Amino acid sequence: MGDIRLIEVKEEILADNTKLAEEVRERLRKTKTMLLNLMSSPGSGKTSLILRTAEGLKGSLRLGVIEADIDSTVDAEKVAARGIPAIQLRTGGFCHLDATMVTQGIDAMAVNEFDLVIIENVGNLVCPAEFDTGAHKNVMILSVPEGDDKPLKYPLMFSICDLLLVNKIDYLSLSDFDMAALRGRVLALNPRITILEVSCKTGAGIEGWIDWLKGEVATFKGLK
Amino acid sequence: MKGKDISMHELPIMESILKIVLKHAKMNRARKVMAIHLQVGKLSDLEDEWIQRYFDYLSKGTLAEGAKLKIERTPIMVQCHACSTSYEAEMARMGELVCPTCGEKGGTLLSGREYFIKEMEVQ
């Protein structure tokens with residue numbers, strides 16, 4: 001047995017991913033394609049929101065979708081069935097997308113033909129928050145049945161998002177969900193976040209979401 | 001449920017750690033990596049026991065096989081957006097931040113989500 005030596009390493013573990021994510025953002029800035037990372041728990045309405053969004057943007061913005069799913073193509077089929085250009089990435093057991101997987105997605109689609117590409121991340125409030133996908137904007141959905149206490153349980157997710165959509169507000173009358181408490185908790189974590197209340201089922205509030213998207217894309221493209 | 005709905009992001013993180021460790025081991029002509037000192041932010045949900053298990057699995061047959069991971073948890077630091085005081089926060093109370101100096105609610109996250117390899121012990 002030889003002597004034990006101490007070596008200084010001083011390296012950030014996710015540095016590779018962060019660097020690649022920066023490259024993705026830069027590449028899409030050149031093609032003027034805004035990349036939006038959509039995150040939420042399973043069943044909170046990501047796919048329904050994408051369908052509503054495609055409807056709302058029809059004729060104004062060209063929308064593409066990158067679907068991530070652990071091991072199925074169910075969501076991509078639903079989206080593609082409506083004529084929305086979609087790429088399916090199978091994460092093969094991983095619970096999130098990272099910048100490498102997103103790069104594969106944008107390599108597979110003609111990104112310059114889109115104004116906006118939405119990544120439907122894997123349904124999960126934990127892991128997707130840890131990995132920079134290269135998106136320009138991060139958006140999350142919290143649905144009313146999940147409860148107003150989620151910011152206390154998953155603070156990182158709420159602190160990295162630019163916008164929070166509170167979905168399934170048609171359930172509000174049936175539940176003890178406290179919207180004011182939710183807003184207080186979320187804003188304490190992230191004072192810059194925008195919070196919008198919607199129902200993908202009834203269509204309530206969807207107009208506000210579409211307006212936000214159009215505004216963000218215009219700013220991104222330097223039109224505003 | 002297909003039985004796959006579990007957290008698996010330890011794996012890519014551990015792959016990155018191994019890659020960096022092996023690079024430094026080679027640069028320093030080490031024969032064996034004995035221990036690795038990591039700093040992991042308290043906002044990370046990675047559990048020490050699983051970090052070690054995944055590492056053991058990935059490092060089999062490499063210079064780092066059998067290395068012990070020594071994990072230091074670094075605090076969650078928040079800066080008040082009213083008076084700029086920096087203070088430590090707890091994971092469980094992140095949604096109810098109150099500045100200890102001025103009482104302002106909420107703040108900006110300064111640190112607490114890092115994964116950093118500080119140093120390693122080699123032979």
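Residues numbered from 1 in each chain as written. Chains lettered and ligands numbered in written order. Predicted model: local features only at pLDDT ≥ 70, side-chain atom pairs only at ≥ 80, totals over all residues. Heavy atoms only, no water.

Enquirer: Even after reading the chapter, I still don't get the interface of chain A and chain B, so can you show me in this structure?
Expert: Facing the 37 residues of chain A at the interface are 45 residues of chain B. Carbon and sulfur atoms make up 60% of the area that chain A and chain B hide from each other, which totals about 3800 Å². Among the residues chain A hides against chain B, the three largest losses belong to Ile7(A), Glu11(A) and Ile13(A). Together they make up 18% of the total. Connecting chain A to chain B are one salt bridge. Put simply, Glu11(A) and Lys23(B) hold a salt bridge, and the shortest N to O gap is 2.7 Å. Inspection of the region where chain A meets chain B yields twelve residue pairs in polar contact (both at pLDDT 80 or more). Breaking the side of chain A that touches chain B down by element, the ones donating at least two residues are strand 1 (5-12), helix 5 (150-153), helix 6 (155-160) and helix 7 (179-189) of chain A. Ranked by residues supplied to the side of chain A that touches chain B, first place goes to strand 1 of chain A with eight residues. When the residues that make up the side of chain A that touches chain B are grouped by side-chain class, the tally is 21 nonpolar, five polar and eleven charged. Both strand 1 of chain A and strand 6 (residues 115-122) of chain B contribute to a ladder of six bridges, which runs antiparallel. Within strand 6 of chain B, the residue paired with Glu8(A) across the bridge is Glu119(B). (Contact = heavy atoms within 4.5 Å. Buried area = accessible area lost by both parts, 1.4 Å probe. Salt bridge = Lys/Arg side-chain N within 4 Å of Asp/Glu carboxyl O. Polar contact = N/O pair within 3.5 Å; in protein donor to acceptor, adjacent residues only side chain to side chain. Helix = DSSP H or I, 4+ residues; strand = E, 2+ residues; numbered from the N terminus. Nonpolar A, V, L, I, M, F, W, Y, C, P; charged D, E, K, R; others polar. Pairing = 2+ DSSP bridges.)

Enquirer: For this particular structure, what's the right way to read helix 7 of chain A?
Expert: Side chains three or four residues apart in an α-helix point the same way, a direct result of the helix having 3.6 residues per turn. For helix 7 of chain A, the set of buried residues is Met179(A), Leu182(A), Val186(A), Ala188(A) and Leu189(A). Close packing links the buried residues of helix 7 of chain A with strand 6 (137-143), helix 5, helix 6, strand 7 (163-167) and strand 8 (194-197) of chain A together with strand 5 (107-111) of chain B. Where helix 7 of chain A begins, the side chain of Asp178(A) points an oxygen toward the backbone nitrogen of Ala180(A), at a separation of 3.1 Å. (Buried < 20%, exposed > 50% of the residue type's maximum accessible area, 1.4 Å probe, protein only.)

Enquirer: What exactly am I supposed to notice about the sheet that holds strand 4 (residues 86-90) of chain A here?
Expert: Paired through backbone hydrogen bonds, the strands of a sheet run either parallel or antiparallel to each other. All names here are of chain A. Across the sheet, which stays open at both edges, the seven strands sit in the order 4-3-5-2-6-7-8 with parallel pairing between neighbours. Edge positions in the open sheet fall to strand 4 and strand 8, since each of these has one partner strand only. When the angles between neighbouring strand axes are averaged without regard to direction, this sheet yields 20°. Note: strand 2 (residues 34-40) against strand 6, five bridges, orientation parallel. Opposite Asn37, over in strand 6, you have Asn138 as the bridge partner. (Axes fitted to C-alpha atoms, helices over the stretch in contact; angles between N-to-C directions.)

Enquirer: Could you clarify how one ought to interpret the packing of helix 2 (residues 46-57) of chain A against helix 3 (residues 74-81) of chain A in this entry?
Expert: A pair of packed helices is captured by two measures, namely the crossing angle of their axes and the spacing between those axes. Residues and elements named next belong to chain A. Look at helix 2 against helix 3: their axes get within 10 Å of each other, and the N-to-C directions meet at 15°. Here helix 3 runs roughly parallel to helix 2, going by the angle between their axes. The chirality of how helix 2 crosses helix 3 is right-handed. When helix 2 is examined against helix 3, the residues Thr47, Ile50 and Leu51 are found in contact with a partner set consisting of Asp75, Lys78 and Val79. (Parallel < 35°, antiparallel > 145°, perpendicular 65-115°, else oblique. Left-handed = near helix turned anticlockwise from the far one by under 90°.)

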